[in-house]
Amino acid sequence: MSTDAPTPAPTPSDPGGGPQIGADEWVRRSGERTGGSKGVVGFLNRVADRTPHILLLLAFLGFACAIPFLTSNGYVIGVATDTMLYVLLAMGLNVAVGWAGMLDLGYVIFYGFAAYLFAELSSAHYGIHWATWQSVPFVIACTILLGFVLSLPSLRLSGDYFAIVMLFFLEIFNNFTANGYTWNWFGLGSPHDITGGPTGITNIDPWRFFGHALDPNNAQNYLWVASAGVFVIAILLAYVNKARTGRAWRALREDPLAANLMGMPVKWLGLLAIAVGAGVAGFAGTVNASYYQGVFPDAFTLQLLITIYAMVILGGAGSLGGVIFGAVAVNVMLEVLTTPNHARWVFYAAVLLGLVAKVRPWKVLAAVLGGLVAFGLIAHQVVEAVWARGVGGPIAMGPTSYTTHGFFATLIRQWMVLPKGTYENADYRIGNYAFVIVIAMVLTCTVLKGWKRYVLLVPTIWGAAFVWETDLVNQGPTTRYLLLGLLLIGLMATRPNGIFGQQRVEIV
Amino acid sequence: MSESQAARTPLLELRELSVSFGGLRVIDELDIQVAEHEIVSVIGPNGAGKTTLFNLITGVYRPDGGDILLDGQSLVGLAPHKITERGVARTFQTLRLFLNMTVKENVMAAQYVRTKATLIEQMLQLPRARREEREMNAFAEEKLGFFGERLMGYRWNQPAYSLSYANRRRLEIARATATRPRILLLDEPAAGMNPVETHEITELIGKLREEAGFTILLIEHDMHVVEGISDRVVALDHGVKIAEGTFEQVATDPRVVEAYLGASATVTK
């Protein structure tokens, strides 16, 4: 071998300063680059990383439990209790979906099953009144068992095929609960009322501890029960996540075949993940039944499943703290959107924030915002000159209340064209036509490039605001899911792994 | 050396192993024996059935005929994780790391089969779960330490996707050894590596036998690697064993030359 041949040095270079070739300096610093050092989310991420997670959990639960002392508003306490139930559900779904990567579309069954089973054991329906310390563990155990049974198809099916079967189980469950009041044992017995049918089972016993009943009319009782559940379950799940089973679940999500060949029983781990999730949902179900003093077939449907999925996805599937945040954010947002006047603030704030975040440079942003104001004012003047009735409408402040006064109302009415009688006669035709046009304009915006897009953006946003004010603002149930969907689309475009989700790489 | 090993029962023995996909015979009546502490290389042109052979041994596919014996016990029909539990571990030609888990987690995950703490024990952090966790941690560090500085220190807590290609290959080997196998199946460990790294991996395979005491079955296209470490070489073509022996014997076998270069080719140096 000639002595002057260039030989690459495989030995690590000396620990001097500066980037070193061959020492994978770039790799060592990858954490600094991808750590999300930018923006509010980056700041929150860093705070969350440096604080012990148990403290964050305690702070969150401490605040939640203190809500009844901060306000006597029953509505707020009720929303807090619902939120805690959602936190439990999101944590349970995260086990199967976020950690093990199983597409568990039957998750709501476990919630509903537990609520119904608890109701059967603690109501006049069968005249059985088990004590809480007996019924809750029993119901959770049965729900875990059901989790194992319903996930058996995963032994033969994977991915989408398994998901479809679980969805099918959910439909069966919904049918059964709705029609279970004439259950005839497949023709072998006389009709028998199991589920109470469309009216469900009511007058369920409250939880009782040491002879002390938790009155469901005081929502804080169940807020505290649910919070205690969140505390215990979050800790148990966090321990599992960093132990051997949690690692095996994540390996299963990453690459089932490699996991299997590295000695992990992937089929069993899949069943286990769904069953553990079912157990968490089972606990939430027992709280739900006592808190609402009844179980009803329309409470455990696909819509609830989608809401829980939205929470998990928005918070960041796989991150326990993330899904807790997601559950709180989505449920609080859905509640805020129920009241038209609150929803209006959310809508305009979202439009403004979206523009500020996405439109660059600032000159274009200023032009778009200025154009938006001018466009509305001019449109208002033109319509007023041509057809005075066209600007005579009020704006909605609640389901049945309208106003033409107040600072915000005056501002919007000067900028917007609100035809008289839009709400009063519940005649949404104008809004519906405008809706179609706005969608066409949005689609056109995505095709156009350069300045043309910004020019069209102005009437598009104004049109969206018109649809909002004349139609959507007063249709809470529709609007909130519409806005939730838009939020998810926007979030997925900017942070595909959810707010607190870890950045993931599929193939390199 | 080979006579003394032949006298013992082989650690891994394939008897008339066959498998077909549709009408295509991919492995045809194949007999291979690997003695304890031996390094056997399987060579052959692309499509000869080498990776299929590994998939049969590790339980990904089920053979149509024949038997696979590990220390005299049949592996046929066992689930892949059960075969790993018996002591067979492999790496993949196309890397299959758990990319979004950290380097250390990759190695710790592979110890699932050697740990016993139940879900309840893990949830409550009972003594056995904690002890096993400590042991897994130490064992993973030991296994990663086998590669010198390559997979040490700050790399432990980095996601596997941040590793270089060569380091990913090393991590796959570390992960396979963490299942505490008796025999290691290495599927083209030197694929895609530069000459220096190839040399390093060749030494490493030797070290895996000498220091860690593994028996090794190796698929490799790089003849430098094969020549450097193999006790025996088996050449496959269309699922049939066409030659077996030392590297020199196999490399000069006319049928091997034909399989690689075609029937009428004349080899010139």
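Residues numbered from 1 in each chain as written. Chains lettered and ligands numbered in written order. Predicted model: local features only at pLDDT ≥ 70, side-chain atom pairs only at ≥ 80, totals over all residues.

Caption draft 1: Just the sheet that holds strand 1 (residues 12-21) of chain B, in detail. Residues and elements named next belong to chain B. Strands sit in the order 2-1-4-5 across an open sheet of 4 strands; the sheet is antiparallel. Every interior strand has two partners, whereas the edge strands, strand 2 (24-34) and strand 5 (73-74), have only one. Here 5 bridges tie strand 1 to strand 4 (residues 65-70), and the two strands are oriented antiparallel to one another. Across the sheet, residue Glu-13 finds its bridge partner in strand 4, namely Leu-69. (Pairing = 2+ DSSP bridges. Helix = DSSP H or I, 4+ residues; strand = E, 2+ residues; numbered from the N terminus.)

Caption draft 2: Geometry of the sheet that holds strand 8 (residues 215-219) of chain B. All names here are of chain B. Across the sheet, which stays open at both edges, the 6 strands sit in the order 6-7-8-3-9-10 with mixed pairing between neighbours. Two strands bound the open sheet, and with one partner strand each, they are strand 6 (88-90) and strand 10 (240-245). Strand-to-strand twist across the sheet, computed as the mean angle between neighbouring axes with direction ignored, equals 20°. Where strand 9 (residues 232-237) meets strand 10, 5 bridges bridge the pair, whose relative direction is antiparallel. Residue pairing across strands places Leu-236 opposite Lys-241, the latter belonging to strand 10. The sheet strands contacting helix 8 (residues 195-210) are strand 3 (39-43), strand 7 (183-187) and strand 8, and the helix crosses strand 8 at an angle near 155°. Its contacts with the sheet put helix 11 (residues 254-261) on strand 9 and strand 10, and the angle it makes with strand 10 is roughly 130°. (Axes fitted to C-alpha atoms, helices over the stretch in contact; angles between N-to-C directions. Contact = placed C-beta atoms within 7 Å.)

Caption draft 3: Quick peek at the nonpolar core. Residue and element names in this part refer to chain A. The biggest cluster of nonpolar side chains holds 206 residues, and the ones touching the most others in it are Leu-88, Ala-90, Met-91 and Ala-273. Considering every element that reaches this core, the biggest residue donor is helix 12 (residues 266-292), with 17 residues. The residues contacting Ala-90, other than those within four sequence positions of it, are Ile-308, Met-311, Val-312, Val-323, Ile-324, Gly-326 and Ala-327. (Core = buried A, V, L, I, M, F, W, Y, C linked by C-beta atoms within 7 Å. Buried ≥ 20, exposed ≤ 12 C-beta atoms within 10 Å, placed from the backbone.)

Caption draft 4: Up close: the packing of helix 6 (residues 107-121) of chain A against helix 7 (residues 132-150) of chain A. All names here are of chain A. The geometry of helix 6 relative to helix 7 is characterised by a closest axis approach of 9 Å and an angle of 140° between their N-to-C directions. At the point where helix 6 passes helix 7, the crossing takes the right-handed sense. For the pair helix 6 and helix 7, the contacting residues are Ile-109, Phe-110, Phe-113, Ala-114, Leu-117, Phe-118 and Leu-121 in the first and Ser-135, Val-139, Cys-142, Thr-143, Leu-146, Gly-147 and Leu-150 in the second. (Left-handed = near helix turned anticlockwise from the far one by under 90°.)

Caption draft 5: Inspection of the environment of Arg-244 of chain A at higher detail. Structurally, the position occupied by Arg-244 of chain A is in helix 10 (residues 244-254). For Arg-244 of chain A, the contacting residues outside a window of four places in its chain are Tyr-112, Thr-115, Ala-117, Gln-122 and Glu-132 of chain B.

Caption draft 6: View of the interface of chain A and chain B. Counting residues at the interface gives 32 residues for chain A, matched by 38 residues for chain B. Contributing elements (two or more residues each) for the side of chain A that touches chain B: helix 1 (25-28), helix 2 (30-34), helix 9 (219-241), helix 10 and helix 11 (256-261) of chain A. When residues in the side of chain A that touches chain B are grouped by element, the largest group, 7 residues, is from helix 10 of chain A. A class-by-class count of the residues in the side of chain A that touches chain B yields 19 nonpolar, 5 polar and 8 charged. (Nonpolar A, V, L, I, M, F, W, Y, C, P; charged D, E, K, R; others polar.)

Caption draft 7: A look at the environment of Thr-115 of chain B. Within the secondary structure layout, Thr-115 of chain B lies in the loop between helix 4 (103-109) and helix 5 (119-124). According to the C-beta neighbour criterion, Thr-115 of chain B is partly exposed, with 19 such atoms within 10 Å. Through-space distance from the C-alpha of Thr-115 of chain B to that of Met-136 of chain B is 8.5 Å; in sequence the pair is 21 residues apart. Beyond its immediate chain neighbours, meaning those up to four positions away, Thr-115 of chain B contacts Arg-244 of chain A together with Glu-132 and Met-136 of chain B.

Caption draft 8: Representation of the domain arrangement of chain B within the structure. In terms of domain boundaries, chain B breaks down into domain 1 (2-87 + 181-261) and domain 2 (99-164). Computed from C-alpha coordinates alone, the two centres of domain 1 of chain B and domain 2 of chain B are separated by 29 Å. (Domains from an automatic or database assignment.)

Caption draft 9: Looking closely at the environment of Ile-77 of chain A. All names here are of chain A. Mapped onto the secondary structure, Ile-77 falls in helix 5 (residues 74-99). Overall, the presence of 20 C-beta atoms within 10 Å leaves Ile-77 in the buried class. Along the primary structure Ile-77 and Ala-64 are separated by 13 residues, whereas in three dimensions their C-alpha atoms are 9.1 Å apart. When neighbours within four sequence positions are excluded, Ile-77 is seen to be in contact with Ile-67, Pro-68, Ala-219, Gln-220 and Leu-223.

Caption draft 10: Structural context of the domain arrangement of chain A. Residue and element names in this part refer to chain A. Split into domains, chain A comes out as domain 1 (52-336) and domain 2 (342-494). Using C-alpha coordinates to define each centre, domain 1 is positioned 38 Å away from domain 2. Across the contact, 7 residues belong to domain 1 and 7 residues belong to domain 2. Contributing elements (two or more residues each) for the side of domain 1 that touches domain 2: helix 13 (302-315) and helix 14 (320-336). Here the side of domain 1 that touches domain 2 takes 4 residues from helix 14, the largest share from any one element.

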